[in-house]
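One-letter residues, chain by chain:
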Amino acid sequence: MARPTADRATAIPELLAEQGFRVIAPNDAEYDAARKMFYGGLDRRPAAIVRPANAAEVARVITFARERGIELAIRSGGHSVVGHSTTEGGIMLDLSAMKGLEVDVEKRTAWAETGLTAAELSVELAKHGLAIGFGDTGSVGIGGITLGGGVGYLGRKFGLTIDSLLAADIVTADGQLLRVDSESHPDLFWAIRGGGGNFGVATRFLFRLHSVESVVGGVLMLPATPDVVHQFIALSEAAPEELSTIANVMTAPPMPGVPEELYGKLVIFGMLCYAGPVEMGEKAIAPFRALAAPIMDMVRPIRYPEMYPPEDPNYHPIAAGRTIFIDRVDRRVAETVVEHLGKSTAKMRVAQIRALGGAMTRVPADATAFAHRQSRIMVSVAALGESPEEVKGYGPWVDTFAAALRQGADRAYVNFLVDEGEARIRAAYPGATWDRLMAIKARYDPTNFFRLNQNIPPATS
């Protein structure tokens, strides 16, 4: 969409303000900060940024935009890699003011509004010794990560985020507010558990909570050789389900605790999280420590929210990346990882390897729109740079790397997709899942009003 004309840029905020919305317009002092996304390289200018106070206001903004043919972007935490959380000349519906939370400690459930971030919600739940598994970044909004599935630190123990989702409040394209669960609008409830933001705006989730008093977790940095990479993943798969790991095979960053002579050298920046008794956690993590002399060992008993360390508000990464599911990391695959990381000229390059399994595999593949339940490992490869132009040059390396790792049919996790076309979106929703999602899209959003997402078009008769 072209940048708005001066008249249009003025008219949209004025019309919204007349209807009582809290609007940030392009000439407002906070506009540039409000339009900024987590990822860098995006310079889109919404005609208006609206921060609704409740679901009723969300419905009114949707109706306002739909009736006038204005593009609408939905922002929960602003972590869309390709900028789906913002718009050029349209309206950004920013949910960040909606942070309501109702915790029922006795029933172990919580209604949480989607302006909350993963860290904010985790901190509040930890006060009661409770938790939900989200991703690995605290500033991610719970709206986007939940709708896409939710692969995170508690995945092997408790499953995906959607496996703890009991109900949701959804505003559909026609402005209706629907309570969806296994009995009310079950087709829509199925679709929002992995289908992304294609079907409406989630304003509130009802989660089942899990008892997590503390975890044994943190950073374990090891030298990255093919043997250590192979054994790290083998240990991760064989570990008790209480332990979830992320192996970031990457160039060592210049950070406290890392010897200067290792800057730029390949390391495993491992994130480990054991959700269980401390003694058992130390026992489960000991084999990882024995793989090689640790460069950094910050794994210790902590409260679960400490898995989300403070973030630099000025950090806005720009990256080229791909994500795939694979079935094994044997020594040959580990050699491929180390070899390809050695070929890139990017100062920061990474292969992130997550061993899956556990609780997420015990949910039938057709029970939710997240269909890759039996995939054993998720790999994301990326090269980071200082500008979009620099990062564009890393695209061929990323493509070649991902192709070298691919095993069997193309499979993808929708929350990690970049701008890769319909074929890659369909790789997130194989077989009958895609057709079923298209049919549900046609029922709840027949004009594809919600299209700023990894888009599933409505089925045509």
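Shown above is the structure to which this text applies.
Residues numbered from 1 in each chain as written. Predicted model: local features only at pLDDT ≥ 70, side-chain atom pairs only at ≥ 80, totals over all residues. Heavy atoms only, no water.

This part is about helix 8 (residues 226–238). One full turn of an α-helix is made of 3.6 residues, so residues set three or four places apart face in the same direction. Over its 13 residues, helix 8 extends 18 Å from the first C-alpha to the last, a length consistent with the 18 Å expected when each residue adds 1.5 Å. Listing the buried residues of helix 8 in full gives Pro226, Val228, Val229, Phe232, Ile233 and Ser236. (Helix = DSSP H or I, 4+ residues; strand = E, 2+ residues; numbered from the N terminus. Expected span 1.5 Å × (residues − 1). Buried < 20%, exposed > 50% of the residue type's maximum accessible area, 1.4 Å probe, protein only.)

What follows concerns the pattern of salt bridges. Evaluation of the coordinates by the stated rule reveals 31 salt bridges. Notably, a salt bridge pairs lysine 99 with glutamate 120, separated by 3.0 Å at the nearest N-O pair. With lysine 99 in the loop between strand 4 (91–94) and strand 5 (101–104) and glutamate 120 in helix 4 (residues 118–126), the pair connects residues that are 21 residues apart, well separated along the chain. Note that arginine 328 is salt-bridged to aspartate 330, the shortest N-O span being 3.5 Å. Taking relative accessible area as the criterion, arginine 328 reaches 42% and is therefore assigned partly exposed. Linked through salt bridges whose partners overlap, the residues forming this network are Arg322, Asp399, Arg406, Asp410, Glu420 and Arg424. (Salt bridge = Lys/Arg side-chain N within 4 Å of Asp/Glu carboxyl O.)

Looking now at helix 12 (residues 395–405). Within helix 12, the full set of buried residues consists of Gly395, Trp397, Val398, Phe401, Ala402 and Leu405. Relative to the axis of helix 12, the buried residues are bounded by an arc of 160 degrees and lie together on one face. Residues of helix 12 that are buried sit in contact with strand 17 (318–326), helix 10 (331–341), strand 18 (348–355), strand 19 (377–385) and helix 11 (388–392). (Arc of directions from axis to C-beta. Contact = heavy atoms within 4.5 Å.)

Looking now at the sheet that holds strand 9 (residues 177–180). Spatial strand order, 5-6-10-8-9: 5 strands in an open sheet with antiparallel pairing. Here the strands that pair on one side only, and so sit at the sheet edges, are strand 5 and strand 9. Pairwise comparison of adjacent strand axes, ignoring direction, gives a mean angle of 10 degrees for this sheet. (Pairing = 2+ DSSP bridges. Axes fitted to C-alpha atoms, helices over the stretch in contact; angles between N-to-C directions.)

Mapping glutamate 183 onto the fold places it in the loop between strand 9 and helix 7 (186–192). Separated by 16 residues in sequence, glutamate 183 and alanine 167 have C-alpha atoms that sit 9.6 Å apart.

A few words on the side chain of serine 344. In this fold, serine 344 is placed in the loop between helix 10 and strand 18. Within polar-contact distance, the side chain of serine 344 engages the backbone nitrogen of alanine 346 at 3.0 Å. (Polar contact = N/O pair within 3.5 Å; in protein donor to acceptor, adjacent residues only side chain to side chain.)

Right, let's get into the sheet that holds strand 2 (residues 48–50). Taken in spatial order, the 4 strands make up an open sheet running 1-2-4-3, and their pairing is mixed. The open sheet terminates on both sides in strands that have one partner only, identified here as strand 1 (23–24) and strand 3 (72–75). Pairing between strand 1 and strand 2: 2 bridges, direction antiparallel. Following the sheet pairing, valine 23 is matched in strand 2 by valine 50. Contacting strand 2, strand 3 and strand 4, helix 3 (residues 55–68) runs over the sheet at an angle of about 170 degrees to strand 4.

Now for the packing of aromatic side chains. Counted under the stated rule, the structure contains 12 aromatic pairs. Both rings, one in phenylalanine 232 and one in phenylalanine 288, keep their centres 5.0 Å apart while their planes meet at 70 degrees; by these two values the pair is edge-to-face. Note that phenylalanine 232 is positioned in helix 8 and phenylalanine 288 in helix 9 (residues 278–289), a separation of 56 residues in sequence. We classify phenylalanine 288 as buried; its relative accessible area is 1%. By the ring-pair criterion, three or more aromatic residues cluster together here, those being Phe325, Phe370, Tyr413 and Phe416. Over the ring of phenylalanine 64 we find arginine 68, and its NZ or CZ is 3.9 Å from the ring centre. One residue, arginine 193, lies across the ring of phenylalanine 189, its end atom 3.9 Å from the ring centre. (Phe/Tyr/Trp six-rings, centres within 6.5 Å; stacked < 30°, edge-to-face > 60°. Lys NZ or Arg CZ within 6 Å of the ring centre and 35° of its normal.)

Right, let's get into unusual backbone geometry. You will see that histidine 185, though not glycine, has its phi angle at about 55 degrees, which is positive. Assignment of secondary structure puts histidine 185 in the loop between strand 9 and helix 7. For asparagine 448, which is not glycine, the phi dihedral falls at a positive 60 degrees. On the secondary structure map, asparagine 448 appears in the segment after helix 14 (432–444). Classification of asparagine 448 by relative accessible area gives buried; the value is 15%.

Turning to its location among the elements, threonine 203 is positioned in strand 10 (residues 201–208). With a relative accessible area of 1%, threonine 203 lands in the buried category. The contact partners of threonine 203, leaving out residues within four places of it in the chain, are Ala55, Val58, Met98, Ala112, Glu113, Thr114, Asp169, Val171 and Leu177.

Burial runs high along strand 13 (residues 243–251): 9 of the 9 residues are buried. Sheet analysis places strand 13 next to strand 14 (residues 266–274), joined by 9 bridges and oriented antiparallel. Within strand 14, the residue paired with methionine 250 across the bridge is valine 267. Here 5 bridges tie strand 13 to strand 18, and the two strands are oriented antiparallel to one another. Across the sheet, the residue bridging to asparagine 248 is glutamine 352, located in strand 18.

Here we come to the pairing of strand 10. Where burial is concerned, most of strand 10 is hidden: 7 out of the 8 residues are buried. When strand 6 (residues 109–113) meets strand 10, the two strands line up antiparallel, connected through 5 bridges. Within the sheet, the bridge partner assigned to glutamate 113 lies in strand 10 and is arginine 204. Here strand 8 (residues 165–171) runs beside strand 10; their pairing, made up of 6 bridges, is antiparallel. Bridge assignment links alanine 168 to a residue of strand 10, and that residue is phenylalanine 205.

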